[in-house]
Every structure is written in structure tokens, then in C-alpha cells.
Amino acid sequence: MSDDIGQKKGLTRRGFLKSAGGVAAVAGMAAGGVAVGARDGLAAAGSMPKKWDQGYDVVVIGTGFAGLAAAIEAKNAGASVVVIDKMPVHGGNSIINGGDFCAPGTRLQKAAGVQDSPDLMYKDMMKAGLYLNNPELARILADNAGGALEWCEDYVGAKFTRLNFHGGHSVKRANQTVNASGSELVNKMLAKAKGLGVEVKTRTKMERMIANKDGRVVGVEVKTGYRYPDEKTGKTAYIKAGKAVILTSGGFSNDITLRQIQDPRLTEKFGSTNQPGATGEALLAACMAGAMDVQMDWIQLGPWTSPDEKGFGHVPLFCERLVGYGPMIDPATGKRFFKETGNRKERADAIILIGHPVIIMGDSYAVPKQVFPRALEKGLENGAIKKFDSLEALAKNYNIPLEAFQKEISRWNSFVEKKKDDDFGCMIFPEARPTVTPPFYAARLWPKVHHTMGGLVIDKNAQVFGFNLKPLKGLYAAGEVTGGIHGAVRLGGVAMADCIVFGRIAGKNAAKETAWG
Amino acid sequence: MTRKHGNIRFSPGWLFAAALAFGVLLVYIGTPYAAPKQVASAKAGDCAACHGQEKVFSPSHPDTKAMSYKDCLGCHAKGGPQMLQGKLPGSHLHQLRGVTCEKCHGKVAKPEAVEEKLCRTCHNAEKLVEKTAKVKPENPHTSPHYGTSLDCTLCHRQHAKSENYCNQCHKFNFVVP
Ligand SMILES: Cc1cc2nc3c(=O)[nH]c(=O)nc-3n(C[C@H](O)[C@H](O)[C@H](O)COP(=O)(O)OP(=O)(O)OC[C@H]3O[C@@H](n4cnc5c(N)ncnc54)[C@H](O)[C@@H]3O)c2cc1C
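Parameters at a glance
Residues numbered from 1 in each chain as written. Chains lettered and ligands numbered in written order. Predicted model: local features only at pLDDT ≥ 70, side-chain atom pairs only at ≥ 80, totals over all residues. Heavy atoms only, no water. Helix = DSSP H or I, 4+ residues; strand = E, 2+ residues; numbered from the N terminus. Buried < 20%, exposed > 50% of the residue type's maximum accessible area, 1.4 Å probe, protein only. Contact = heavy atoms within 4.5 Å. Areas by Shrake-Rupley, 256 points an atom, 1.4 Å probe, with all protein chains shown as cover. Pairing = 2+ DSSP bridges. Axes fitted to C-alpha atoms, helices over the stretch in contact; angles between N-to-C directions. Near = heavy atom within 4 Å. Polar contact = N/O pair within 3.5 Å; in protein donor to acceptor, adjacent residues only side chain to side chain. Nonpolar A, V, L, I, M, F, W, Y, C, P; charged D, E, K, R; others polar. Buried area = accessible area lost by both parts, 1.4 Å probe. Salt bridge = Lys/Arg side-chain N within 4 Å of Asp/Glu carboxyl O. Parallel < 35°, antiparallel > 145°, perpendicular 65-115°, else oblique. Left-handed = near helix turned anticlockwise from the far one by under 90°. Domains from an automatic or database assignment. Phe/Tyr/Trp six-rings, centres within 6.5 Å; stacked < 30°, edge-to-face > 60°. Lys NZ or Arg CZ within 6 Å of the ring centre and 35° of its normal.

### A short note on the overall build of chain B
Scanning chain B from N- to C-terminus turns up seven helices and two strands. Taken from the N to the C terminus, the helices and strands of chain B come in the order β-β-α-α-α-α-α-α-α. Taken over 177 residues, chain B has a buried fraction of 19%. The long-range fraction of contacts in chain B, counting pairs at least 24 apart against all pairs at least 6 apart in sequence, stands at 36%. When the accessible surface of chain B is summed, it comes to about 13200 Å², and 62% of that surface belongs to carbon and sulfur atoms.

Here it is in C-alpha cells:
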């Protein structure tokens, strides 16, 4: 049954063969209709400044996981480093994230008796990614995620205390920060970086990537004192990057123009879980300097967001802890409609196909056991999560046909008893129990734009690849601004691993570059 | 050419003179919505010193020229329905409570934007967290993301409308002074 969904034509993406260069074409238009080949791209990147206002060996753009990991490693390798961010606050999406870090063979997995390996993680990533992932990069990620997590714990000092499951993984492998937020890691990385002597400047927006006549990236044009989102603010300045620029500017989920060019369904009608500054101008600036983009139209919708609260909200933390413990119901029919533990794309597409919000629910055994108390409390407070004394009351609230619903719950409960879902193949966890104990909790689900899998092409050294099919000298990138690692679907908790693994690689290699002058 | 407007005929000369007079008037008092003058020596309650003829109060509001902040509180008790917090720009609240322009900007001919550190010399972050601990749905002075590290000026503006920065992603009904 679940296979049906994937085969519906309207749902699958526009073929699997993606042509690189879509964004660069757009970038070319923005630059006044210049055709952007490798050479013209460099021309579009514009001329060298008469004078540099500041200079560092390594200039990092973005203060999220990837940028801070890169900055720390570059600094430790002896480079002088500055990290800039256009927002008045640091941390990008990283600091509002849920703190789930996927890695195989971790301390928390061992304590919970979970068998895992880099091979299994790699297989899960490739399968969810429809095998569109760049296999070399995916392999590096899976092989180094464990070491990256240890670095975050032992070197940075961040605490990870809970093991979680995310849809699409074959085992529990998300190691969650102590406060269920990426802030635990970002803030400790920021303190570490500053302690090492890395300079951090917020309200500094990268406007243009500067390349010299040989096409080597040599610095950036910025606006200092920029007041997001007022484009009239800020003063132009030029920062020289003696060795390299590292672009870690995150994804573009909140860039309605760019995301709609890539996936026309994603109009302003879809909300986003991202910070408001998650836009694509820095990525486009790199393209204008000759960097190649890939798989830009694989844009992920989160299937666990609620239409009853703003942004990411609390419902995702409720929903994701309940899958495999409680059923997801279409209120129009009273029936289940999809594998609750399916990956994000499968589930979001299934909900969009239904065309109206669906419901995730759990009982008073599953909810207190699984859901982070604060998320539950806050979700109940803002009304996105609701509590009901009986199944009847729940059905009435969401206008669910009662009889069909009761029958479906009994059916689900029978699957839970035998730990096997005959209808959709949902993974049912060993500790799961039938949904029978009142009060019951429920929330509505409607997808929001969450992650952009596409972005700049990088190689195994995190060096950006150019339209001339050669590494682009002087430019490295890591994190969500890069593309191809996750293919069609970025699995939950794998972004953190991606950012730390490739951020560190980028930082080390950038510091090793020979200075250009 | 003359223009007909109702029964009255305006000659170009007349129009020009009228426009000139209006222009001079504008320069003199400022338009009702022009930025107010920032007169450092103005008494806190003397609205006209900066705002000129601009009507900043409803006609029934008592004259404030001789008033101090304490006098305002008679009607505008803090926490009450009429409170000034969130209504008046921060600089006015400061001014009313004796924190004059000079106290932040110094005695200078052309005041410049001050560093945020200066705010923290009076407003201790930890104390603020305690003070607003009971505000619902969240304490505005600490966050799971940024702790107490954020710039005061992200929300609290002195010379412009304050803003609820959290509301970019959340929906918190804070009153932001
Ligand atoms: C709500 C939410 C929850 C999530 N939960 C998880 C989770 O639990 N586990 C997981 O693995 N992943 C999660 N993700 C995904 C993950 O957090 C992101 O993919 C990751 O944080 C991206 O990190 P980054 O360093 O690449 O970019 P970011 O952290 O987004 O940082 C990029 C920075 O670059 C800055 N920038 C952009 N353009 C410019 C410019 N022109 N000039 C200067 N600066 C610029 C931005 O302002 C931003 O601060 C979540 C995402 C969201 C939104």
C-alpha cells in the first residue's frame, strides 16, 4: 500500500535526472542577462576592490554548526579566522534546531543495546535519498559521524543525553542534546571559537564573492552594520581572504522566490520551519563566481509540523516521538493512511495528496514516556496539542466518523500487540503498547518547508566545484548550503552530522591553502 | 492659464504665493509626521519642545508640561490597562524617569548611536530574567536558543517603534516597552 503513494505521478518529483546549472542560469539573469559559463561567471563576480578594509587567512560566512566547526578547525591549524553573519543573532537554523545528531555506534546506543554501524547508516541514507546521493560524500559522512559526535562531546563540551528514533532510519541513532536544542552545541562552539581567538561579526552580510583574474576566490564584499531585513542599511566593506573563503550560509527554505523556481508547488502558502534569514543570496553569489550547484529542486517538507502554530513549533517533537507508538489518522475517513515511520518525503507527499491536515495521536502510556515534557506542556498551552478524556471526545473535536475510527484504533492495537503492521509496514517499537489509556493526546499535521538538500557541489575535501569541472580555487563549503550528500531525502538528525563532519574538513583544508598574495 | 475650483478662480501668481507660504510654514513647524526635533534640554513633559504643534495627545489629555513620571502613573499605572510601556518610545520613558539624552549619548553636539553594552550598565541581564520569570507564555529575557546573550536593541528601540523579535518564528503576545 505504501508503494502506491510513491508511484502516484503527481507526487513524484520531476524525474530523477537533474541538470546542474539551473541556479547559475538564474544568477546570470540577475546579473543583467550575462550568460554564465565558468569565465563569464567570474566576470559577473566583478572586479577586485581598490583596497581591502580587513584581511584574514580564512573568512567564514555563517555562524551555524558548519561555520563554527570550520572556524575552530581553521584556527587550530594556525589560520587567522573571521566568521560573519548577516543576522543580528548568531546560530542560523542550527540554534533553533532540535538537537538530534545521528551517528552510529555511539555511547548512548551501546547503553541502550542498539546494534549499529557506519555501513547501516550509509545504507539508510542512500535508500532514503533514492540513491541520488553522492556516494563518496555520503560514505565520508557515515564513516566520520561517530568521531564528529565525540569531538562535540569531548572537545567542545556539549552534552548529549537521550537516544531518539527518526523516520527512515533502521535503528535509533539520534543522539539528542541535553536541552533538546542545537543551541547546546552552537553556544559551546561559539564560546570555544571566541576563546581560541576567532573573530565573530554579526550584522555583516556577504554581498559578493570576489575572484581575481585567474578565477581564484580572494575575498568577499560585505555590508557591515546591516540591519536585517532592510537592504538599505549597512556600509560596503571588502574582506580579504588570504587563503580561502568558507561558505556555510545554510539552506534557502525561506527564500520563496528561489524555492519556487526550483519547485513551483512551494508557494508562499507553505510556511517554513526555518529562521527568516534562511535565503539563498550567498549561494547565488558563489554561483556567480563560478561555483556549480546540484539537485536544487529536492526541497524537503517536514511532515510533522502543525498548521495550528507558527514556525517549527512544538508539534514536531510530539509527533516524531510518537511514531511507532501511536497511529496517524485521516480525519475525513477515520483511518490510517500511511506508514508512520516512513521517511519525511513519503509522509509529506502522502499528507499533501490527502489535501487537508491529518492527525497524530497517542495515549497516556506513550505520550509521557516518549514526549519531552516541555514540548508537551508548551504545545498544550498554545493549543496545537489537545488532550481528550475519551476517543469519542477526540473524534468529535476533529470531526472524525466515530465508528470507522474506533474500528481502526482496534486494528492498530492488534498490530501493536503482535508488533507487526499488516497495513502499512510501520515499525512498531518493542516497548509500544496498544493505544487504550485515557487521556488521549492529538495534534493536527500539515507540512512546512524544512530543508534544502541541493546546493553547491563539493568534493571530498569540501572544496567547491566549478562550472569548468575543476575545483574552484579558494572556495570551500559545508553544511546545508552544499548539495548532493543527502540526495532526495535528508534523514532526520543527519544534518548535524553533515555540518560537523564537512565543516571540520573545510576548516582544516582552508587553513592548508597557500596564500595568494 | 487659470484653474477653476468651485466658484473661486486662482491665478498662477496667487497659487505660487500660497505654495510658498505653505512651504515656509512647513519648514517652520514641520509636517505633523516629520521626525520630531531632538532637543536635549527639553523637559520630559514638554512635548511641544520637540514635537512642535503636532498633536501627540487626545484633546482631553491634561497638560503634561509640568509633570513628572510619578504624575503620569496616577492614571498610567504600570501593569494596568493604560500603562505607558509599549506605547511610548523607550527614549521617552527614559527621559520621564530622569535618564536624559546626555546620560547615554554624552554632552555632544551630534549624538551618535550608543553601544548596547551601555544598556547593561543599568539593566542587569540576570535581574531582568528574574523580573520577568512569570511572563506568559515564555520569559522574554532568556531563551532556550540564546540564553541572555541577545542585544537589548533587538526588541527595545529608543527612537523607533519597539519590536517583538521572537515573533519572527513564534507567537508570543509580549508588551515590548
Ligand atoms: C527547526 C529546525 C529543527 C531542526 N532539527 C534538526 C535536528 O534535530 N537534527 C538535525 O540533524 N538537523 C535538524 N535541522 C536541520 C539543521 O538544523 C540545519 O540543516 C543546520 O542547522 C544547517 O546548519 P548550517 O551551519 O549549514 O547553516 P545555519 O545554521 O542555517 O547557518 C547559516 C548562517 O549563515 C547566515 N547567512 C546566510 N546568508 C548570509 C549572507 N549572505 N551573509 C552572511 N551570513 C549569511 C545565516 O544568517 C545563518 O546564520 C533542523 C532545522 C530546523 C529549521
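### Here we look at the sheet that holds strand β4 (residues 160-164) of chain A
In sheet architecture, strand pairing relies on hydrogen bonds along the backbone and comes in two forms, parallel and antiparallel. Residues and elements named next belong to chain A. Spatially, the three strands line up as an open sheet ordered β3-β5-β4, and their pairing is antiparallel. Looking along the sheet, the strands with just one partner apiece sit at the ends: β3 (100-102) and β4. When strand polarity is set aside, the average angle formed by the axes of neighbouring strands in this sheet is 35 degrees.

### Quick word on the site of the ligand
Residue and element names in this part refer to chain A. Looking at the ligand, there are 40 residues lining it, with Asp85, Ser94, Asp100, Glu480 and Met496 nearest. For the ligand, a nitrogen atom lies 3.2 Å from a polar atom in the backbone of Lys86. Here an oxygen atom of the ligand and a side-chain polar atom of Asn97 are 3.1 Å apart. Taken by itself the ligand offers 1000 Å² of open surface, and the protein chains cover 99% of this. Ranked by the residues each element gives to the shell around the ligand, the list is headed by helix α17 (residues 494-512), at four residues. Looking at the shell around the ligand residue by residue, the classes come out as twelve nonpolar, 21 polar and seven charged.

### Things to note about the interface of chain A and chain B
Accessible area lost when the parts come together is the quantity often used to give the size of an interface. Of the residues lining the interface, 20 residues belong to chain A; the matching set on chain B comes to 16 residues. In total, chain A and chain B occlude about 1400 Å² of area from one another, counting both sides; carbon and sulfur atoms represent 50% of this. Connecting chain A to chain B are two salt bridges. The residue Glu138(B) makes a salt bridge to Lys378(A) at a minimum N-O spacing of 3.2 Å. Summed over the shared surface of chain A and chain B, the result is eight residue pairs in polar contact (both at pLDDT 80 or more). Elements with a contribution of two residues or more to the side of chain A that touches chain B: α8 (183-196) and α14 (373-382) of chain A. A class-by-class count of the residues in the side of chain A that touches chain B yields seven nonpolar, eight polar and five charged.

### Quick look at the packing of helix α4 (residues 65-76) of chain A against α8(A)
Residues and elements named next belong to chain A. Contact pair α4 / α8: the axes reach a minimum separation of 10 Å and the direction vectors enclose 25 degrees. As judged from the angle between their axes, α4 and α8 are roughly parallel. In the packing of α4 onto α8, the handedness of the crossing is left-handed. Contacts between α4 and α8 involve Phe65, Leu68, Ala69, Ile72, Lys75 and Asn76 on the former and, on the latter, Leu185, Val186, Met189, Leu190, Lys192, Ala193 and Leu196.

### Points about the packing of helix α7 (residues 135-156) of chain A against α17(A)
Between two packed helices, the angle of one axis relative to the other and the distance separating the axes together describe the packing. Residue and element names in this part refer to chain A. Contact pair α7 / α17: the axes reach a minimum separation of 8 Å and the direction vectors enclose 90 degrees. Taken as axis vectors, α7 and α17 run roughly perpendicular relative to one another. For the pair formed by α7 and α17, the contact residues are Leu137, Ile140, Leu141, Asn144, Ala145, Gly147, Ala148, Trp151 and Cys152 on the first element and Val494, Ala497, Asp498, Ile500, Val501, Phe502, Arg504 and Ile505 on the second. Here the residues of the contact of α7 with α17 sort into 13 nonpolar, two polar and two charged.

### Re the domain arrangement of chain A
All names here are of chain A. Structurally, chain A comprises domain 1 (18-298 + 452-517) and domain 2 (304-446). Distance from the C-alpha centre of domain 1 to the C-alpha centre of domain 2: 34 Å. Summed over both partners, the interface of domain 1 with domain 2 buries about 1700 Å², with 58% contributed by carbon and sulfur atoms. Across the contact surface, domain 1 and domain 2 share two salt bridges. Residue Lys172 pairs with Glu431 through a salt bridge whose shortest N-O separation is 3.8 Å. For the side of domain 1 that touches domain 2, the per-class residue count stands at seven nonpolar, twelve polar and five charged.

### Focus on the sheet that holds strand β13 (residues 335-336) of chain A
All names here are of chain A. Taken together, the five strands give an open sheet; going across it, the order is β13-β12-β14-β16-β15, and neighbouring strands pair in antiparallel fashion. Across the chains shown, the open sheet's two edge strands, defined by having one partner strand only, are β13 and β15 (385-388). When β15 meets strand β16 (residues 440-445), the two strands line up antiparallel, connected through four bridges. Bridge pairing in β16 links Lys387 to Tyr441.

### Some points on the domain arrangement of chain B
Residues and elements named next belong to chain B. Segmenting chain B into domains produces domain 1 (35-112) and domain 2 (115-177). The straight-line distance from the C-alpha centre of domain 1 to that of domain 2 is 22 Å. With twelve residues of domain 1 in contact, the opposing surface of domain 2 contributes nine residues. When domain 1 packs against domain 2, close to 760 Å² is buried across both sides, 54% of that on carbon and sulfur atoms. Of all residues in domain 1, Gly86, Ser91 and His94 give up the largest surface area on contact with domain 2, accounting jointly for 37% of the area buried on that side. Joining domain 1 to domain 2, the criterion identifies zero salt bridges.

### Remarks on the packing of aromatic side chains
Centre-to-centre distance and the angle between the planes together describe a pair of aromatic rings. With the rule as written, the count across this model stands at nine aromatic pairs over all chains. Relative to Phe174(B), the ring of Phe172(B) lies with its centre 5.4 Å away and its plane at 45 degrees, an arrangement referred to as tilted. We note that Phe172(B), like Phe174(B), is buried. Three or more aromatic residues joined by ring pairs make a cluster, and in this case those are Phe165(A), Tyr325(A) and Phe429(A). Above the plane of the ring of Tyr122(A) lies Arg139(A), whose end atom (NZ or CZ) is 4.7 Å from the centre. Taking the ring centre of Phe429(A) as reference, the NZ or CZ of Lys172(A) above it sits at 5.3 Å.

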